[in-house]
Amino acid sequence: MPGIAELQTIEAEFLAKHQEYRSILSALPLAPADSLDTDLSACIVAEGTFIRYFTLWENSVEKAFIHFCQGTTTLNGKQPVCRLANCSADVVRKILTAERKFLDWSDQRYIRDRATLYFDNNGMPFYNPIIGKAHVLADAQKIRNVIAHDSLESWNSYRAVQRNNFQTERTFAMSPGQMLRSRGSGKRKNWGEYYLDEISQIFAAILRP
């Protein structure tokens, strides 16, 4: 059974990458929120950084999930009750994948459903931190999808994110890179910094419920 040191390593690796990616977004020039931005290079960097960060979230939540499935405690000493017993990490992974090529951690609904299936106490420690910020993770997934796929469907979902953030849809084609570098009314952070900080808080709440 892995010990607390392994979970501390998972946290430390996440936090190091969080700071690295956040620093990149913070250093980018601020984009306008109400007019088309033409800084293609900054938009590409913002979008690439966001994709990297969303992948970091997916990988980190998978590592934490497998860790807790092996019967270990959280960083503040709480004991998640997993319905799997005496399983190694390899066995846990095989059970979770059920012969699929990979697990999808991009959709917060899948994580919550998986948590309630495998853990007692309403999916502790995953369910409550995720449901409390479900809208943040849902919007982050939509941003990730429009960057990765650039499809009509992904753009339609991404426009809903714009409406959430600005209370109205933009009258121009605002790229995700521009939005991530812009600020909402009265906000001190750009939207990229906001999403990274919110996701970091969710992960911290999972590790310390």
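Everything here concerns the structure above.
Source: prediction; values computed, not measured.

A. Quick peek at unusual backbone geometry. Omega for the peptide link from methionine 124 to proline 125 comes to 15 degrees, which places this bond in the cis form. Tracing the chain through its elements places proline 125 in the loop between helix H5 (120-123) and helix H6 (127-132). In this structure, glutamine 167 takes a positive phi of about 65 degrees despite not being glycine. As for its placement among the helices and strands, glutamine 167 is situated in the loop between helix H8 (152-166) and helix H9 (176-181). Overall, the relative accessible area of 65% leaves glutamine 167 in the exposed class.

B. Inspection of the packing of aromatic side chains at higher detail. Tallying each qualifying case throughout the model produces 16 aromatic pairs. Centre to centre, the rings of tyrosine 21 and tyrosine 53 are 6.4 Å apart; their planes meet at 80 degrees, and the pair counts as edge-to-face. Placement of the pair is tyrosine 21 in helix H1 (residues 4-27) and tyrosine 53 in helix H2 (residues 40-69), with a sequence separation of 32 residues. Given a relative accessible area of 8%, tyrosine 21 falls into the buried group. Assessed through its relative accessible area of 0%, tyrosine 53 is described here as buried.

So, how was this worked out
- Residues numbered from 1 in each chain as written.
- Predicted model: local features only at pLDDT ≥ 70, side-chain atom pairs only at ≥ 80, totals over all residues.
- Heavy atoms only, no water.
- Helix = DSSP H or I, 4+ residues; strand = E, 2+ residues; numbered from the N terminus.
- Buried < 20%, exposed > 50% of the residue type's maximum accessible area, 1.4 Å probe, protein only.
- Phe/Tyr/Trp six-rings, centres within 6.5 Å; stacked < 30°, edge-to-face > 60°.

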